[in-house]
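Residues per chain are reported as follows:
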Amino acid sequence: MYKLLKILLLVIVSANCLTAFSQNYVLKEGDLLFKDTRNNAISQAIKDVTPSASNFSFSHVGVLFFENNEWKVLEAVPEYGVRISTLPGFSSYAKGEEVIIVVGRLKTNYPFDLEKLIEYGKKQLGKPYDNPFSWNDEAFYCSELSYKMFSYAGQNHAFTPKPMTFKEEGKDHFHPTWIKYYNELQVAIPEGELGINPNAMATSKSIDLLFELP
């Protein structure tokens, strides 16, 4: 009898744990997927000049939606510009890298039109990646695309573009990776120009960081 009770208790506890786990991993259209990529020079340079208030430091972000019975992500990446990725494709990483994906969601007092959100993102498909991180052109970097998607969808208060810096906190010289990066582009470092970055979005008061993708 004692053994039977132990088995029943184990089944109940296991079922409750599974239910809690499932509830913690419910995705929703319009979620923001924040990517913390480690062992990558450019990702590290982004983190170095964009402070984070969490245990994570993000260098990429995309917007989640559901289409044809599949989760997909609208994102802007250097190799392809604005594109739609599958969720596994968004989560992939290069050899030697470590990637953590954290799901963020706008709080309920920051409403937006989901159809317009996705509509705007799809209208930008095929546009080039914004390598110089310029705000007023036809190209997009990842957080710029996400910000402008939500703005078009009627949510103009969730995130605030601010002057960019390419200097580490407390230092008066540019990060060496960014010096090399902009020398190769043959353009001036846009210090002080308007922009937004994944860490700023992730630490906004409008966002709840919910869970890591398994």
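Thresholds, definitions, all that
- Residues numbered from 1 in each chain as written.
- Predicted model: local features only at pLDDT ≥ 70, side-chain atom pairs only at ≥ 80, totals over all residues.
- Heavy atoms only, no water.
- Buried < 20%, exposed > 50% of the residue type's maximum accessible area, 1.4 Å probe, protein only.
- Helix = DSSP H or I, 4+ residues; strand = E, 2+ residues; numbered from the N terminus.
- Arc of directions from axis to C-beta.
- Contact = heavy atoms within 4.5 Å.
- Polar contact = N/O pair within 3.5 Å; in protein donor to acceptor, adjacent residues only side chain to side chain.
- Salt bridge = Lys/Arg side-chain N within 4 Å of Asp/Glu carboxyl O.

(A) Expanded view of helix α4 (residues 114-123). Residues of α4 that are buried include every one of Leu117, Ile118, Tyr120 and Gly121, and no others. Viewed end-on, α4 has its buried residues packed into an arc of 160°, placing them on one side of the element. Opposite its buried face, α4 presents the exposed residues Glu115 and Lys123, each directed more than 90 degrees away. In this fold, the buried residues of α4 make contact with β2 (60-67), β3 (70-77), β4 (81-86) and α5 (142-152). Among the residues of α4, the N-terminal cap falls to Asp113, whose side-chain oxygen and the backbone nitrogen of Glu115 are separated by 3.0 Å.

(B) Structural view of unusual backbone geometry. Phi is positive for Asn69, close to 60°, though the residue is something other than glycine. Counting through the fold element by element, Asn69 comes out in the loop between β2 and β3. Backbone geometry at Phe133 places phi at a positive 60°, although glycine is not the residue there. Within the secondary structure layout, Phe133 lies in the loop between α4 and α5. By relative accessible area, Phe133 is classed as buried at 9%.

(C) Examining the pattern of salt bridges more closely. Overall, the coordinates contain eight salt bridges when judged by the stated rule. We note a salt bridge from Glu119 to Lys123, for which the minimum N-O separation is 3.1 Å. You can see Glu119 and its partner Lys123 sitting in helix α4, four residues apart, about one turn around the helix. Note on Lys123: relative accessible area 51%, which makes it exposed. The closest approach of N and O atoms between Lys171 and Glu168, which form a salt bridge, is 3.7 Å. Since its relative accessible area comes to 41%, Lys171 is described here as partly exposed. The partly exposed category is assigned to Glu168, whose relative accessible area is 25%.

The values reported here are purely geometric and, on their own, carry no functional implication.
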